[in-house]
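Secondary and tertiary structure notes
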Amino acid sequence: MISDQMAVTDDWGYYQASVIQTEEEEPVMTSGNAFAYTENLSDILKFTGNRMEIIAGYHMLLQAAAFLFLFLGCRWFFGRTAAFLEMALFSFSPWMIASIFKVSSETWYLSVWSLVFMMLGLFYKKTKDDGWYRNNRGEAYLMITGFFMGIICIWHHLGFLLLFFMIYAAVKNEPGLNERRKNQLDAVEMERLIKGEDWEPDEREEIMPVSSQLFILISGMFVGGYCTLMKYTGITGNFIKEQLEWWFLQLYRFENGRWQDMELWLVIGLPAVLLAGAVLQAIVNKYGRQKKLVSAAESTEVKEEDVPEEKTETEKRKKDMDEKEEREINYIKNPLPLPKKHVKRVLDFKLDEKKDDFDIEVDKNDDFDI
C-alpha cells in the first residue's frame, strides 16, 4: 500500500509467487514472460524484503529506463521528431501510469525490449555514419544483440517485432556499405601496388558486409532462444522438442484479455506508437527538404519586392527605350568618297604585220666606220 488512493495490486498472483518463503514456491510457467518477471521480482525482494510498495518504485525505475531506451532507439532509427512523439505518448498514457501499481509484467518486458531496440538503433546509426568493421568488438556486439533478441522472442512473441528493425537497418545501410567496401578494396589494391603483392590488410579494419551482419545476428538469436528453452526444460522436465511445442502453443493463448500474460494495450500500443513516430518523421523530413529547395531557388534570383519601386520603374523605362531605339534606328549613307570599283587590267600590245629589218645597206662612200 502506497497511500489510500494508490495501492499496489496483485491481480495475477505474481507477487505471491515471488515473495521469499520458507517453502519453495512452484515457478510460474504460464509463459516465458511471466516466468522471467517473477524470477526478476524474486531477486529484487531478496534485497528489499517482502514489501509490496517496493514494486511501485521498481516499476518507476523500469519505466524511466524504458523511456530512455525508446527515445534513443527512435532518435537513431527515425529522428528527433519521432523520439519526442514516442516520449509524449508513453509518458501521458493512462495505461503506463496504471501499470506502476500493478504487479504485472508489462513494464518489465517493455524495459528489456526497449534495451534491445536501442542496441539495434546504435548498430544502425554506427553503420550508417562510419560503417561496421569485421573485428572482435563488432562481431561480439552483434552476437550479444542477437542473443538478447532470441531470449525476448522466447519470453513473448512481441519480440519478433525487433526482426523488422534488424532487417530495416541492414537493408537501409546496404547501399552505403557497398560503396564503402568498394572504396576500401580500391585502396587495398593501391597499397598492394606500392608495398608489393605479399602485403595483406588488417582484417579488423575490413568493413563487414550486410550478409555477415545478418548471419551473426540470426545466429545469436538461435543461441539465445535455444539456451532459454533449455533452461525451461530443467524446470519442467520436458525434452527440448516438447518445450518448443509448448512455446509455439503460446502464440494462440489469450486469457482474460491478455496475450501470453501481457495486456493488449502494450502489445498493440508499442507497434502503433513506433509506426506513428516513423510516419510523422517522414512527413517532417519531406517538408524540410521541400523548404530547403524553395530557399535555394529563392536565393538564386533577386525578388522584385526587394528592389526599390522607383528604381524598378526607371530601369523598366530605360529598357523599353533601348529596345525602341534599336527598332527605329535608320543608318545614314557614308559621306566620304569610296574607292572606284577595281577593274581587271590586261597588258596587250598591238603589233604591225611589217617586220623589222636590221640589215642596213651601206655604200662605199658612207662615212661609217665599220
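Just above, that's the structure.
Now for a quick tour of the structure. Per chain, residues are indexed from 1 in the order of the written sequence. Per-residue local features are limited, in this predicted model, to residues with pLDDT of at least 70; the limit for side-chain atom pairs, both in listing and counting, is 80 or more; totals at the level of whole chains, interfaces and linings are taken over all residues. Side-chain measures were taken over the full set of non-hydrogen atoms in the model, leaving aside hydrogen atoms and water.

1. Notes on the overall build of the protein
When you go through the protein residue by residue, the secondary structure sums to twelve helices and two strands. The secondary structure elements of the protein, listed N-terminal to C-terminal, are α-α-α-α-α-α-α-α-α-α-β-β-α-α. Considering the protein as a whole, with its 370 residues, one finds that 34% of them fall into the buried category. The contacts of the protein with a sequence gap of at least 6 include a subset with a gap of at least 24, amounting to 76%. Computed with a 1.4 Å probe, the accessible areas rest on the Shrake-Rupley method; for each residue, only the protein chains presented here act as cover. For the protein, the computed accessible surface area is about 25500 Å², with 59% contributed by carbon and sulfur atoms. Going along the chain from the N terminus, every DSSP run of H or I of four or more residues is numbered as a helix, and every run of E of two or more is numbered as a strand. For every residue, the accessible area obtained with a 1.4 Å probe (protein chains only) is divided by the maximum for its type, and the residue is called buried under 20%, exposed over 50%, and partly exposed between those limits. Residue contacts are counted whenever heavy atoms from the two residues lie within 4.5 Å of one another.

2. Describing the packing of helix α9 (residues 210-236) against helix α10 (residues 240-249)
Between two packed helices, the angle of one axis relative to the other and the distance separating the axes together describe the packing. Angles shown run from 0 to 180 degrees and are taken between the N-to-C directions of axes, each axis being a line fitted to C-alpha atoms and, for helices, limited to the stretch in contact. Contact pair α9 / α10: the axes reach a minimum separation of 9 Å and the direction vectors enclose 105 degrees. Relative to α10, the element α9 lies roughly perpendicular. Together, Y226, L229, M230, Y232, T233 and T236 of α9 and I240, Q243, L244, W246 and W247 of α10 make up the contact between the two elements. Residue polarity is assigned by list, with Asp, Glu, Lys and Arg as charged and Ala, Val, Leu, Ile, Met, Phe, Trp, Tyr, Cys and Pro as nonpolar; anything else, Gly included, falls into the polar class. Broken down by class, the residue content of the contact of α9 with α10 amounts to eight nonpolar, three polar and no charged. An angle below 35 degrees is read as roughly parallel, one above 145 as roughly antiparallel, one from 65 to 115 as roughly perpendicular, and any other as oblique.

3. A closer look at the pattern of salt bridges
A carboxyl oxygen of Asp or Glu within 4 Å of a side-chain nitrogen of Lys or Arg is what we treat as a salt bridge. Summed over all chains, the structure comprises eleven salt bridges. When the shortest N-O distance is used, the salt bridge between E206 and R181 registers 3.8 Å. Residue E206 is found in the loop between α8 (161-195) and α9, and its partner R181 is found in helix α8; the two are separated by 25 residues along the sequence. Of the charged contacts in the structure, one is a salt bridge between E263 and R258, with a shortest N-O distance of 3.9 Å. When its relative accessible area of 15% is taken as the criterion, E263 is described as buried.

4. Some thoughts on the side chain of S111
Here S111 shows up in helix α6 (residues 106-130). The residues contacting S111, other than those within four sequence positions of it, are L62, A66 and F69.

5. Concerning the nonpolar core
In these notes, a set of buried Ala, Val, Leu, Ile, Met, Phe, Trp, Tyr and Cys residues joined through side-chain atoms within 4.5 Å is what counts as a nonpolar core. By size, the foremost hydrophobic cluster in this structure holds 68 residues, and its most contacted members are W113, F117 and L270. Setting aside chain neighbours within four positions, we find L270 in contact with L70, F90, L110, W113, L158 and W265.

6. Here's the deal with unusual backbone geometry
Not every positive phi belongs to a glycine, and N256 is a case in point at roughly 55 degrees. With respect to the helices and strands, the residue N256 is situated in the loop between β1 (254-255) and β2 (258-259). Assessed through its relative accessible area of 64%, N256 is described here as exposed. The backbone phi angle of D261 is positive, close to 60 degrees, even though this residue is not glycine. For D261, the location among the structural elements is in the loop between β2 and α11 (264-299). Classification of D261 as buried rests on a relative accessible area of 9%.

7. Considering α11
How far a helix is expected to stretch is found by multiplying one less than its residue total by 1.5 Å. Across its 36 residues, α11 extends 52 Å between first and last C-alpha, which sits within 8% of the 52 Å expected from 1.5 Å per residue. Taken together, the buried positions of α11 are occupied by W265, L266, V267, G269, L270, V273, L274, G277 and Q281.

8. What to know about the packing of aromatic side chains
Here the distance between the centres and the angle between the planes together describe a pair of aromatic rings. Ring pairs shown here join Phe, Tyr and Trp side chains whose ring centres sit within 6.5 Å, with only the six-membered ring taken for Trp; geometry is labelled stacked below 30 degrees between planes, edge-to-face above 60, and tilted in between. A full pass over the atoms with the stated rule returns 25 aromatic pairs. A ring pair is formed by F77 and F165, whose centres lie 5.4 Å apart and whose planes are at 50 degrees; its orientation type is tilted. Residue F77 is located in helix α3 (residues 53-77), and its partner F165 is located in helix α8; the two are separated by 88 residues in the primary sequence. Residue classification places F77 among the buried positions, given a relative accessible area of 3%. Residue class for F165 comes out buried when judged on its relative accessible area of 3%. Cluster of aromatic residues (ring-pair linked, three or more members): F77, F78, W113, F117, Y124, F164, F165 and Y168.

9. Points about a nonpolar patch on the surface
Taken together, the side chains of M190, L193 and I194 define a hydrophobic patch exposed on the protein surface, amounting to about 370 Å² of accessible area. Residue placement: L193 occurs in helix α8. Residues qualify for a patch when their relative accessible area is over 30% and they have no salt bridge, like charges being joined within 9 Å and the nonpolar side chains of Val, Leu, Ile, Met, Phe, Trp and Tyr within 5 Å.

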